[in-house]
Each structure stands twice: as C-alpha cells, then as structure tokens.
There are 2 protein chains.
Amino acid sequence: MIKRDLGMSELESSGYKCIALRLLQEANCQVGDIICITSKGKTYEGILIPRSELGNATNIIIKMKNGYNVGIAVSEGDIIEKVGVGTKPMFVSPALPEQNSVLPHVVLMSTGGTIASRVDYRTGAVRSAISASDLYGVVPELSEIARVDTEIVFSLYSENLTPKNWTELAQKVADYIKQGVDGIVIAHGTDTMGYTAAALSFALQNLPIPVIFVGAQRSSDRPSSDAATNLIGAVKTAGEASFAEVGLAMHETISDSVIAVHRGVKVRKCHTSRRDTFKSINGFPIAKVLNQEIILQTHDYQRRDCSKQLILKPDFCEKVALVKFYPGMDSSVIDFYVNHGFRGILLEGSGLGHVSMFCFEAIKNAIAKGVIVALASQCIWGRVNMNVYDTGRDLLNLGVIPLDDVLPETGLVKLMWTLGQTSDIKEVKQLLKINIAGEFTSRTLPQEKTAYGAQ
Amino acid sequence: MIKRDLGMSELESSGYKCIALRLLQEANCQVGDIICITSKGKTYEGILIPRSELGNATNIIIKMKNGYNVGIAVSEGDIIEKVGVGTKPMFVSPALPEQNSVLPHVVLMSTGGTIASRVDYRTGAVRSAISASDLYGVVPELSEIARVDTEIVFSLYSENLTPKNWTELAQKVADYIKQGVDGIVIAHGTDTMGYTAAALSFALQNLPIPVIFVGAQRSSDRPSSDAATNLIGAVKTAGEASFAEVGLAMHETISDSVIAVHRGVKVRKCHTSRRDTFKSINGFPIAKVLNQEIILQTHDYQRRDCSKQLILKPDFCEKVALVKFYPGMDSSVIDFYVNHGFRGILLEGSGLGHVSMFCFEAIKNAIAKGVIVALASQCIWGRVNMNVYDTGRDLLNLGVIPLDDVLPETGLVKLMWTLGQTSDIKEVKQLLKINIAGEFTSRTLPQEKTAYGAQ
C-alpha cells in the first residue's frame, strides 16, 4: 500500500481509506479529476469528490455528468482510470469561476437547512451555510446556467422559522427585485418550506420574475444527495422560466432526471425522507426541468415581465392557530385561543369539512367575539363542500368560512397573511374567498382527477 | 305525454320526470324491471331503480350486474326496452329473502354515515339507518354471500363519534364473537372511520374472525354510489377471509372493480370526495376483492381461527390531545393541555420528527409533570427519525417518544388506548414502542418504497 510520508494525503483528508484509497492512489487520481471506474461489469465516469465519514468505507464518490453524486463500492480487481484533470471542487480550494455576463443574474438567498449545510471534510464539522464559492464547488454546472450571487439571510433549521422570518425574506426579495435581478432562488430547510413558499406567494404579488424555493432531503456530502440537481433545476427556472410566480423546485420522483416546479400555494411535504417528498396537491406542477430544459405543464400562469411593479405585502398576524379536529377533541382548546387574543383559527376538519357537534358552541362563541374561523380538510386531497351534510351546513350557519380545495397549511398561512393586511372582519372574509396566488384550483380542470393517488 | 289520472305513477314517485319518465312509461317499465337502454350508440342493461331528486333530471338510474348503479342521461330517440321483470328493490317493498344456511354468518353493525343513510323515495326524507331488509333490497347479491344479521348500534355522523363510542362498539363486537359469528362488518361514516378502525385494532386483540369496516362516499340513492360494491367486498371478506384482523374495505380506485381491504391501523382518508379516498399509508392493503374473490396481498397477517380467545381491551383515555406543529405555533397550547389534566399529547411534527425550539420549554415542562409526549410526522408518509438533526436529538433528550412510521391519527388513538390501559408511565412508554396491531411496518419491506406517490 502506497503511503505518503508526511501527514495525510489529499485523498485521505478527503475521506478516502482502505481499498478505495489504494485504488485511487494507484491510478494517480486526485479529488477534482475526471475518473472512470469499472466495477462489477459496469463503468462509471465522473469527477472524483470527497466522501463523508458516513457510509461504506469502500465507496468512491463521483459526480456524474447529470450533476448527481453516486457512491461506487469498489473491490479488488476493479479498474480505475484517470481520464481528465477536472476543476477542483471549491470546498477543497475555493475560487470563483469567471462569470459569464450573457447569463441571467440569479440571487441565491440561503435560509439554512440541509441544502445549505455541508460537512467540512478537513475538520468533520458541519458548516451551516454555503457561500457562493462553495456552491460552484459543489455544483460547477451552475456557472454555465446563471451568474449567481448569494446571500446568507438566516442559518436556521426550517422548523425554527416563524412568520417574522417570512416578512424579512419577502422584504429581501423585494430589494433584489428593485435591483433588477432576473430570478431569485431561496435555499430552505424542507420541513416548513411549503409554509414559507405559501407565505411568499401571498406577500409578493404581481411578481416580475420567478422566486424559486429549493431544498435537499440528503446533504450534499452524501452520495445520494439531491442538492445538486435540485439547485440546477431551481437556478435554471429562476433565471429563464417564462413564468413569474413563487415556485418550489424538487425531485419529481426518486430518479434523478426530472425536477418538478410546484406552485408555492399548492405544494406539501408528503414524505419524511424521500427525495420526491414534495407533491402538488389538487393541482399540477407549473413546470418540469428535464436535461436543463424547462417544460411548462400549464398555460395558466403569471408571466415574467420585468416591467411589472411588485406589490409587497409582507405582514403576517401570528395570533392565528391551526386546530386539527379528531374524535374526542376537547373544544375548550378553541376557548383557550379566543381567551388568549387569537384573531383567527384554521380548523382542519374531517372529510368534506366537518367537526364534531360538540365543538359548535365554542366555534359560535369564537365567531361572536370576532375571531375568524376558516376550515380546510385534513384529507389533504379534494375540496371542502359544506353543503352536503347537516354538519357542514350547521358550521356554515355558524359563520365558518370554507376554504374549498386549499391545503390546510396554505389556509393557515393565508389566514395569518389576511389578518396581517386588515382588521376589518368583512375585508378579511372577502380576502379569504379571493384567489390571491392560485391557491384555489378551478373545478373545471379535468386533470384534477388524476392528481391524486397512484393511478 | 302519457299521464295517469289518479295521483303520481310509481315511476313519478320514484323520482322520474321529463323525458326519462316518458320513455320509461312508453316502454311500460316499472322500478325493479330489468331494462335495456340504448343511448348515444351505447347499450346499458340493468335493474331500474329509483332516482334521487339531485342530479340530472333526464337521468335513468339502473343497477348493473356488477352491483353498481349508473345514471344514463336519455334524450329524444334513445331506445328503452324491458327485457325482464326483476325483483323489486326492497326499499319499495321490503321482504327478507330466504337465508342460505350453508353461507357464513355475518353481523352488520351500523353506526351511521353515508352508507347507512338513504333517501326515502316516497317522502324525500333521509333515513338515518339501514335495516336488514333495506340492505338486501339495495344489494341483493349479499344473500348469496352470507347470512347477514344487522344491528343499528348508533345513528351518528362519524364526526360525532367519540372514544366512548369506540369502547361500546368494541364490546358489542366481543359479544357477537362470543355468539360464534363468522365475521363482523361495521358500517361507518367515512370521516373518522380510520380513527375508529385504529381504535378497534388496539381494543380487539387475538381476534378469531375478521372485523371489517365499510363506508360509502356517495349515498346509495345516487347513481355513482359505491355503497353496494363496498358492502359486497366487506361482507365477503368478513365471512370468508383467511385473516382475522380489523380491516377497512373501500374502493381501491375510482373504477368499480376492486375493493381494497386496508389494515385498520395503516389506513387514512386522503380525499374529501373520491370513492378511493382510503389509502394504506406506509404499507399495503391486506387483501383485495375482485369479482367476489379475496386476493391476499401479504403473507404477514393474523389467521382466522375460531378457537382463538379474543382479548378485549376497550378502554380509551380522552385526556389526550393532538397538536399539529406549524411555523409560529404558540407553545402555550401545550401548557394549556398540561394545566387541564391531559395525560398525553401527540405532536404532529414536521419532516423526520421536528418542532420549533420555541416549544422545547413547554414540552420539557409537560414531561416533567408526567404527561406522555409522543411524536408522529405531519408528512404522513415515511418514518420519523429523530437522530438525524439536532432538533430531533434535542426532542429525544427531552423524553419525546418517536412513533416511527405510525400515522399521526393512529398514534393519537394508540396514545388514548395506552393511557386507557395503565397509569404507569413506564408501562405506557413500553406499550407505545410495541407493535400491537401492525401499526409499525418493518423497515425491511422492499415494497414500502412503492407505497408512496404516483410511481
């Protein structure tokens, strides 16, 4: 086994050991080189990148042409060949590539989360945010798609973000739009990315350019990371898409080929760990990105037009509660919110829009005290229809506002936003019924039927 | 237009009017006759049944051979032919068919809901429960599948059922099992049927026979009703299936051909209105019913064995709350529950199992006061893993109990059930971690990967 005399080799400090290290050393490969691995009858080509301490010690991690990282477990007899000397990844030796002034100008705002966190391969510590140079290092393809500037806005796990952060984020976006950028990407933890995307959909009206959220389910130091392909899809969309809406770009399936760009108000995190965790609910993605091509999925979108004047409405009321109904629910929780000065309650009802009759008194009292009570369905898919059964009609008579096919999470955010705009109850009710950002899907869409389930 | 002189004709009192009435009268058809309709180049054959006041006035409703009702909008020139005189539907002239003593003995317990409600065609009033004769009237095929006895246990919309009803229902089931019946079907409103199915899964252990929940998304007086096919699937399963578990039988897709029998602890209502609203989450149905044949989907089930001694544990604690986390959530709602003597809180966290750090203090205080705090994911699909990120690890350190891949709704019911069994906190924690009724799915199931999304 070849060993350097003085300290660790660069391959070692990049996490390689055992047979993986030896085979790479024998082939004279360094991190950043383009290498070709033939293992178990298959051949893989890509840029050699550092590996994390996690996972199989015999893995060699390469970044494939499609931007995706794969780990190949090598064994005795596998052939490794250096086929080119690539750019070194920037986390080894940061340096910004030259920016091509013909490309669109995209700002990447980082709020934290998996996509913005990386293991530092030298120290093992987790860095909580990415810099522009990190970004190009991890995803060199970006330099061919856009001129990307980055700003670290927050470094927070998304579960710790609050409506105050939504306000700040919306204001930052408005500032960049004033500066004339071509698109904005917001890197965000996936846990509450759907809520924030909905929030910015209401806060940023008449958008001239796209604002695209992006996250990762696996951090970029893991071979199965979705960070690179998601980022490429998001930056491409922000820089070039013909629509100007708040979107959310993530893997469409577990395969690495297609990125779906969902509408911010219609998207929901539906799986704890899968890369295709985000789904458009009661609707379809606005676009898909395949082989760096943006393929529109609808004609019904707001157009990109840099002459459009952004209308910024960034305020949210935090005195709004989400109450998910369940059998045996104690209705005194509704009284609790009323007594604590809450101005809105989003009921997550059952089925077509029901809660137990044992809650009617508390709801009646809440509404009498000026609290706005709106209702969306915990089914998640489908449309609230409170005219079918007695329970629904009773709730309508009490003054509960049905939110049609709006997601409960989006309904909550809309209620927070609406109560941030006005104190006039009549106006609040009106705003709740208006389609502000595509949160209501038309009943006449025949495709709606196929957007549910595994058919 | 032919009109009878004295009062309404039977066709009229069965809801027929306009051209539909005229064409039926001209062909000398009565409700109950087997008729053949040729309309727009297509031919339909089935038993003429009454139509409801809702829907297209030109519709003629026939019950097809597959047990399904269809509405055919007729127009001038369509041909209607009487091809046979069928049995009159029982809601017109109730009479129990002879029961075949060779068939399995199934008890149908009715709790209310759409499946148990029907419009009375003579008065227009909604009847809130079905009797045995109604049942055979609506679904004559049942008499060839089982000897069915019925009992009206409740006549409630399911959103009004509480854990007390679960207890009563479990006790009734136990009584029937003592009497030696071959299977039990529970007709239930769909809104909270998943919760009740989970409840009975925990309350009825070591079942000797199947206990199958069934509902309908469209009432049996509507042409698109799923009541008949769901009932046939449920009764068939209860009477003959080789497994003895709590299941839930509903349409697998919007087509009328397959009934999926889901495990009670893994099933969730996922669409407000579609007939295939129930989905097995993080798992697969136990069985499917196709052309009255039960096709098992797994080898991993509890076997039917009439020598098994049922273990009845019907108690539930109602002092358990479900708290769904969202950005900006005011943690004082946790204090509220603690101060009001609640013994358990099911947190519906984000992603892999997180809530905001702003909730940590309240959670710590709750646990210090002996409240059990368990966590499931609002993603719905996937598995909680609280070891990946700091937030999860912090919550574990506080003493929060992760519920792996258990549905939040099932987790809530399990917490209610567990606290109904014992006051010993150690025992409660242990019970929460034990797989009582198949609520945890093994990690090693390769199919799990395909149980999510539209791949």
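The rules we used
Residues numbered from 1 in each chain as written. Chains lettered and ligands numbered in written order. Predicted model: local features only at pLDDT ≥ 70, side-chain atom pairs only at ≥ 80, totals over all residues. Helix = DSSP H or I, 4+ residues; strand = E, 2+ residues; numbered from the N terminus. Buried ≥ 20, exposed ≤ 12 C-beta atoms within 10 Å, placed from the backbone. Contact = placed C-beta atoms within 7 Å. Axes fitted to C-alpha atoms, helices over the stretch in contact; angles between N-to-C directions. Parallel < 35°, antiparallel > 145°, perpendicular 65-115°, else oblique. Left-handed = near helix turned anticlockwise from the far one by under 90°. Nonpolar A, V, L, I, M, F, W, Y, C, P; charged D, E, K, R; others polar. Pairing = 2+ DSSP bridges. Least-squares fit on C-alpha atoms with pLDDT ≥ 70 in both. Right-handed = clockwise from strand over helix to strand, strands pointing away. Domains from an automatic or database assignment. pLDDT = per-residue confidence, 0-100.

### Structural notes on the overall build of chain A
Phase 1: Helix and strand counts for chain A come out as 11 helices and 23 strands.
Phase 2: By residue count, 56% of the 455 residues in chain A fall in the buried class.
Phase 3: Considering only contacts in chain A between residues 6 or more positions apart, those separated by 24 or more positions represent 72%.

### Brief notes about the packing of helix α4 (residues 163-178) of chain B against helix α5 (residues 193-203) of chain B
Residue and element names in this part refer to chain B.
Phase 1: Axis separation between α4 and α5 bottoms out at 10 Å; the angle between their running directions is 55°. The angle between the axes of α4 and α5 places the two elements in the oblique class. Classified by chirality, the crossing of α5 by α4 is right-handed. Residues Pro163, Trp166, Leu169, Ala170 and Val173 of α4 form the contact with α5, whose own contacting residues are Thr196, Ala199, Leu200 and Ala203.
Phase 2: Residue classes in the contact of α4 with α5 are distributed as eight nonpolar, one polar and no charged.

### What about the interface of chain A and chain B?
Phase 1: If you look at the interface, chain A gives 52 residues, while chain B gives 51 residues.
Phase 2: Of all the secondary structure elements, the ones that give two or more residues to the side of chain A that touches chain B are β20 (320-324), α7 (332-339) and α10 (408-421) of chain A.
Phase 3: By residue class, the composition of the side of chain A that touches chain B is 21 nonpolar, 20 polar and 11 charged.

### Considerations on the sheet that holds strand β21 (residues 344-349) of chain A
Phase 1: Strands sit in the order β20-β21-β22-β23 (chain A) across an open sheet of four strands; the sheet is parallel. Each of the sheet's edge strands pairs with one partner strand only, and the pair in question is β20 and β23 (401-402) of chain A.

### What about the relation of the copies chain A and chain B?
Phase 1: In the superposition of chain A on chain B (RMSD 0.4 Å, axial shift 0.2 Å), the rotation amounts to 179°. The symmetry that links the two subunits is that of a two-fold axis.
Phase 2: Looking at chain A, 98% of its interface residues are interface residues in chain B too, so the copies touch through the same face.

### Quick look at the pairing of strand β20 (residues 320-324) of chain B
Phase 1: The buried count for β20(B) comes to five of five residues, which makes it a mostly enclosed element.
Phase 2: The β-α-β motif built from β20(B), the intervening helix α7 (residues 332-339) of chain B and the parallel element strand β21 (residues 344-349) of chain B has right-handed crossover chirality.

### Some details on the sheet that holds strand β3 (residues 59-63) of chain B
Residue and element names in this part refer to chain B.
Phase 1: With antiparallel pairing, the five strands of this open sheet are ordered in space as β4-β3-β2-β1-β5. Bordering the open sheet on either side are β4 (69-73) and β5 (79-84), each of which pairs with just one other strand. Adjacent strand axes in the sheet meet at a mean angle of 35°, parallel and antiparallel pairs treated alike.
Phase 2: Relative to β5, strand β1 (residues 34-39) runs antiparallel, the two sharing five bridges. When the sheet's bridge partners are listed, Cys36 is paired in β5 with Glu81.

### Describing unusual backbone geometry
Residues and elements named next belong to chain B.
Phase 1: Phi angles above zero are rare outside glycine, and Asn28 is one such case at about 60°.
Phase 2: Along the chain, the position of Asn28 falls in the loop between α2 (18-26) and β1.
Phase 3: Overall, Asn28 belongs to the exposed group, with 10 C-beta atoms counted inside 10 Å.
Phase 4: A positive phi is found at Asp404, a non-glycine position, where the angle reads about 55°.
Phase 5: Within the secondary structure, Asp404 sits in the loop between β23 (401-402) and α10 (408-421).

### Details of the domain arrangement of chain A
Residue and element names in this part refer to chain A.
Phase 1: According to the domain assignment, chain A consists of domain 1 (10-84), domain 2 (105-312) and domain 3 (320-433).
Phase 2: Of note, the centres of domain 2 and domain 3, computed from C-alpha atoms alone, are 31 Å apart.
Phase 3: Listed as interface residues are 12 residues of domain 2 and, on the opposing side, 10 residues of domain 3.
Phase 4: Sorting elements by how many residues they give to the side of domain 2 that touches domain 3 places helix α5 (residues 193-203) first, with six residues.
Phase 5: Broken down by class, the residue content of the side of domain 2 that touches domain 3 amounts to eight nonpolar, two polar and two charged.

### Structural notes on the packing of α7(B) against helix α8 (residues 360-368) of chain B
All names here are of chain B.
Phase 1: Interaxial distance between α7 and α8 falls to 8 Å at its minimum, and their mutual angle equals 15°. Considering the angle they form, α7 stands roughly parallel to α8. In the packing of α7 onto α8, the handedness of the crossing is left-handed. Of the residues in α8, those in contact with Ser332, Ile334, Asp335 and Val338 of α7 are Ala362, Ile363, Asn365 and Ala366.
Phase 2: Here the residues of the contact of α7 with α8 are counted per class, giving five nonpolar, two polar and one charged.

### Structural notes on the environment of Thr277(B)
Phase 1: With respect to the helices, strands and loops of the structure, Thr277(B) is situated in the loop between β15 (267-269) and β16 (278-280).
Phase 2: The residues contacting Thr277(B), other than those within four sequence positions of it, are Cys379(A), Thr190(B), Gln217(B), Lys269(B), Cys270(B) and His271(B).

### Let's talk about the environment of Ala197(B)
Residues and elements named next belong to chain B.
Phase 1: Checked against the element boundaries, Ala197 lands in helix α5.
Phase 2: Of the residues examined, Ala197 has 30 C-beta atoms within 10 Å and is grouped as buried.
Phase 3: Separated by 71 residues in sequence, Ala197 and Arg268 place their C-alpha atoms 9.8 Å apart.
Phase 4: Aside from chain neighbours lying at most four places away, what touches Ala197 is Phe213, Val246, Leu248, Gly264 and Val267.

### A short note on the pairing of β20(A)
Residue and element names in this part refer to chain A.
Phase 1: By the alternation rule, side chains of β20 split into Val320, Leu322 and Lys324 and Ala321 and Val323, which are all buried.
Phase 2: Here five bridges tie β20 to β21, and the two strands are oriented parallel to one another. Bridging across to β21, Val323 finds its partner in Leu347.

### Quick look at the confidence of the model for chain A
Residues and elements named next belong to chain A.
Phase 1: Residues of chain A with pLDDT of at least 70 account for 86%, and the chain-wide mean is 87.
Phase 2: Here residues 1-6 is modelled with pLDDT under 50, and outside its nearest four sequence neighbours on either side it reaches three contacts, counting other chains as well.
Phase 3: This stretch, residues 119-126, has a pLDDT under 50; its non-local contacts, to residues over four places away or in other chains, come to 14 contacts.
Phase 4: Across the assembled chains, the prediction reports ipTM 0.81 with pTM 0.81.

### What about the environment of Ile281(A)?
Residue and element names in this part refer to chain A.
Phase 1: Tracing the backbone through its elements, the reader meets Ile281 in the loop between β16 (278-280) and β17 (287-290).
Phase 2: Ile281 sits 45 residues away from Lys236 along the chain, and the two C-alpha atoms are 24 Å apart.
Phase 3: Ile281 has contacts with Lys266, Arg268, Ile380, Trp381 and Leu407, leaving out every residue within four places of it along the chain.

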